[in-house]
Amino acid sequence: CACEAEEMNFMIDCDDRQAMTDALDFINTNGCTEKGSCEAGTECEKNYLIVQSHYGLCPEENIPEAIEEGIHDFDESCL
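The numbering scheme is per chain: residues are counted from 1 as the chain's sequence reads. Since the coordinates come from a predicted model, pLDDT governs what is reported: local features require at least 70, and pairs of side-chain atoms require 80 or more to be given and counted, while whole-chain, interface and lining totals use all residues. To get the side-chain values, all heavy atoms of the structure are used, and hydrogens and water are removed first.

Caption draft 1: Up close: the overall build of the protein. The numbering of helices and of strands both runs from the N terminus, where a helix is a DSSP run of H or I of at least 4 residues and a strand a run of E of at least 2. For the protein, the helix and strand inventory stands at five helices and zero strands. Listing each helix as α and each strand as β along the protein from the N terminus yields α-α-α-α-α. Atoms considered for the radius of gyration are the C-alpha atoms alone. The globule rule reads 2.2 Å times the number of residues to the power 0.38. Here the C-alpha radius of gyration of the protein, 11 Å, is about what a compact globule of 79 residues would show, namely 12 Å. Per-residue burial over the protein gives 37% buried out of 79 residues. Here, two residues are considered to be in contact whenever any of their heavy atoms come within 4.5 Å of each other. Look at the contacts in the protein between residues 6 or more apart in sequence, and 65% of them connect residues 24 or more apart. Note on classification: 1.4 Å probe, protein chains only; a residue is buried when its accessible area is under 20% of the maximum for its type, exposed when over 50%, partly exposed between these limits.

Written out as structure tokens, the structure is:
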């Protein structure tokens, strides 16, 4: 995930709940649930990786509840 953060130009900051929430809002409102929407280099991919990397690397208490509940909505479109 760290290499993807560097490649896609975002920071993994477990205290930045706003960045996590903004990324989730982006993928929820920009058609990122559609199969194929998270292809390499897309904004859907970038924002999914922001959510996924924080979800996977940060302590659970740092993860907004909306992300804990919504991350798996994108398993088919973004994995």
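Caption draft 2: Representation of the side chain of Asn-47 within the structure. Along the polypeptide, Asn-47 turns up in helix α3 (residues 43-57). On the accessibility criterion, Asn-47 (10% relative accessible area) is buried. If near-sequence neighbours (up to four positions away) are discounted, Asn-47 is found in contact with Ala-23, Phe-26 and Ile-27.

Caption draft 3: Representation of the state of the cysteines. Pairs of cysteine sulfur atoms within 2.5 Å are what we label disulfides. Tallied over the entire structure, the rule returns three disulfides. One disulfide in the model links Cys-14 with Cys-58; its S-S distance is 2.2 Å. With the S-S dihedral at roughly -85 degrees, the linkage between Cys-14 and Cys-58 falls on the left-handed side. Taken together, the residues Cys-14 in the loop between α1 (2-8) and α2 (17-29) and Cys-58 in the loop between α3 and α4 (65-70) connect sequence positions 44 residues apart. Given a relative accessible area of 22%, Cys-14 falls into the partly exposed group. Relative accessible area serves as the criterion here: at 9%, Cys-58 is assigned to the buried category. The disulfide that involves Cys-38 links it to Cys-78, with 1.9 Å between the sulfurs. Of this pair, Cys-38 sits in the loop between α2 and α3 while Cys-78 sits in helix α5 (residues 75-78), placing them 40 residues apart in sequence. Cys-78 shares its class with Cys-38; the two are buried.

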